[in-house]
Amino acid sequence: MKMIVGLGNPGQKYVGTRHNVGFEVLGQIAKKHFAPPPKSKFQSEVSEIRIGNEKILLLCPLTFMNLSGQGVSQASSFYQIEPAEILVVCDDFNLGLDRLRFRPAGTSGGQNGLKDIIKRLGTQDFPRLRVGIGPVPERWDPADFVLGKYSEEELARTNAVVDRCVKASEDWVNNGVGYCMNLYNSDPNKKKITKPKTTNSPSEKELLGDHSEGS
């Protein structure tokens, strides 16, 4: 069994906020894979699905963001899921709105949910999918920004990003984090530079016309 964790804050007040993009991704994964209604367990909402031949536990902590590790550690201990088999999906205001970034391990980078998961699992060696929600506008407090809601223009883009995250999570299950890093970590808005095909330049004789015969 593997586990996919979506980070966010519980309650209607936080629905649609930037900090809850992890919840949004798990909701769409559950919908796509016909998950049963979630159960309250491990201080979280949990449900089980299958992706390919793999059984997946979907988990959204019902504690607030800075206590996310409680549910993750309880579920991983109960099901004997190793940290390397846990993918955590969370927001990152240091990434632009259309960016995704997979990492196999690492520090929290200031993300409080990741910080608590690292603390309670006793390791930072678990994969994470960071979902860009930034950048933070000038003179904005980052805490206010992440708890704010998307503009109409941002919402349309975010829906597309969530769809990519669903596919990215499936790819993690089937192909691993290294595959996903190669596929999803590049900037989707960066234009690829392609070199024009080279052709042999015409000779002076060809340009002027060959009049050596029949002149």
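This text follows the structure it describes.
The structure contained in this document is the topic of the report that follows.

Definitions and cut-offs
- Residues numbered from 1 in each chain as written.
- Predicted model: local features only at pLDDT ≥ 70, side-chain atom pairs only at ≥ 80, totals over all residues.
- Heavy atoms only, no water.
- Buried < 20%, exposed > 50% of the residue type's maximum accessible area, 1.4 Å probe, protein only.
- Helix = DSSP H or I, 4+ residues; strand = E, 2+ residues; numbered from the N terminus.
- Pairing = 2+ DSSP bridges.
- Salt bridge = Lys/Arg side-chain N within 4 Å of Asp/Glu carboxyl O.

1. Considerations on the pairing of strand S1 (residues 2-6)
So, step 1. Counted residue by residue, S1 has 5 buried out of 5 residues, so it is predominantly covered.
So, step 2. With 4 bridges joining them, S1 and strand S4 (residues 54-61) adopt parallel strand pairing. Counted as the bridge partner of Met3 is Leu57 from S4.

2. Re the pairing of strand S5 (residues 86-96)
So, step 1. Where burial is concerned, most of S5 is hidden: 8 out of the 11 residues are buried.
So, step 2. Here S1 pairs with S5 via 4 bridges, running parallel. Directly across from Ile4, in S5, lies its bridge partner Leu87.
So, step 3. Note that S5 and strand S7 (residues 128-134) share 6 bridges and pair parallel. Considered in S7, the bridge of Gly96 is made with Gly134.

3. Some thoughts on the pattern of salt bridges
So, step 1. Applying the stated criterion to the full structure yields 9 salt bridges.
So, step 2. Linking Lys2 and Glu85 is a salt bridge whose minimum nitrogen-to-oxygen distance equals 3.8 Å. Residue Lys2 is located in strand S1, and its partner Glu85 is located in the loop between helix H2 (69-79) and S5; the two are separated by 83 residues in the primary sequence.
So, step 3. With a relative accessible area of 29%, Glu85 lands in the partly exposed category.
So, step 4. Of the charged contacts in the structure, one is a salt bridge between Glu170 and Lys32, with a shortest N-O distance of 3.0 Å. You can see Glu170 sitting in helix H5 (residues 152-175) and its partner Lys32 sitting in helix H1 (residues 21-32), a full 138 residues away along the chain.
So, step 5. The network of salt bridges with shared partners includes Asp98, Glu153 and Arg157.

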